[in-house]
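# Survey of secondary and tertiary structure
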Amino acid sequence: KNEVEQSPQNLTAQEGEFITINCSYSVGISALHWLQQHPGGGIVSLFMLSSGKKKHGRLIATINIQEKHSSLHITASHPRDSAVYICAVRSGSARQLTFGSGTQLTVLP
Amino acid sequence: NAGVTQTPKFQVLKTGQSMTLQCAQDMNHNSMYWYRQDPGMGLRLIYYSASEGTTDKGEVPNGYNVSRLNKREFSLRLESAAPSQTSVYFCASSEANGAPLHFGNGTRLTVT
């Protein structure tokens, strides 16, 4: 079973700061997902990637397959970015995703 | 466009009671999933349905049953609730296994 570790567990930033959340996994994967869980509990998929980099607005996700590591970056952070960010991986042809326990981000005005 | 709709949003059960969590999606997705989320742990898969007419166990299936009623609906049943089943339950769907997931808003279940 793939082990997924996220760091940091908690992160507090000031509005406007550049934020990085990290995800490491133990076994080779076919895809990695980043999700956002809002304070109200709803979960939204942000990215799915298997190589390189993807960008959507102020969010950027990168993955380094050799190092088994992915990062989620938020540029010009805003209080509305406050949420739990979750990394999940799919190993090879596995049907199941393995989820990290999440990073709680708080952006202060 | 409702996406994935879960009911109820909150439920309190006594040990031994039964209940069914309902989930419906209007995106014509083939695959549907039930997860539970517990404090300090990642989401864990209870059961999934890769396509209409099929269901498979996930990581933590004990104490649960599921029904893929049709392409839209996937229900989760607790036959005899236990305090260990206190959790937040999420239904999700995807176009196919491996595609991005779309989540419902969750059901917060407390078993006393």
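Below or above, wherever it landed, is the structure these notes cover. Keep in mind the model is a prediction, meaning the values are calculated, not measured. (Residues numbered from 1 in each chain as written. Chains lettered and ligands numbered in written order. Predicted model: local features only at pLDDT ≥ 70, side-chain atom pairs only at ≥ 80, totals over all residues. Heavy atoms only, no water.)

### Describing the interface of chain A and chain B
Listed as interface residues are 17 residues of chain A and, on the opposing side, 20 residues of chain B. Between chain A and chain B lies a buried interface of about 1500 Å² when both sides are counted; carbon and sulfur atoms form 56% of it. For the pair chain A and chain B, the number of links is 0 salt bridges. Summed over the shared surface of chain A and chain B, the result is 2 residue pairs in polar contact (both at pLDDT 80 or more). Within the residue set of the side of chain A that touches chain B, elements represented by two or more residues are β4 (31-37), β5 (43-49), β9 (83-90) and β10 (97-99) of chain A. (Contact = heavy atoms within 4.5 Å. Buried area = accessible area lost by both parts, 1.4 Å probe. Salt bridge = Lys/Arg side-chain N within 4 Å of Asp/Glu carboxyl O. Polar contact = N/O pair within 3.5 Å; in protein donor to acceptor, adjacent residues only side chain to side chain. Helix = DSSP H or I, 4+ residues; strand = E, 2+ residues; numbered from the N terminus.)

### Considerations on the pattern of salt bridges
Going through the model one piece at a time under the given rule, you end up with 4 salt bridges over all chains. A:Asp81 is the partner of A:Arg58 in a salt bridge, and the nearest nitrogen-oxygen pair spans 2.9 Å. With A:Arg58 in the loop between β6 (52-56) and β7 (59-64) and A:Asp81 in the loop between β8 (69-74) and β9, the pair connects residues that are 23 residues apart, well separated along the chain. For A:Arg58, a relative accessible area of 26% translates into the label partly exposed. For A:Asp81, a relative accessible area of 7% translates into the label buried. With a closest N to O distance of 3.1 Å, B:Glu79 and B:Arg77 form a salt bridge. On the basis of relative accessibility, which here comes to 42%, the residue B:Glu79 falls in the partly exposed class. In this structure, a network of salt bridges that share partners links the residues B:Arg36, B:Asp38 and B:Arg44. (Buried < 20%, exposed > 50% of the residue type's maximum accessible area, 1.4 Å probe, protein only.)

By themselves, these are just geometric observations and shouldn't be taken as functional.
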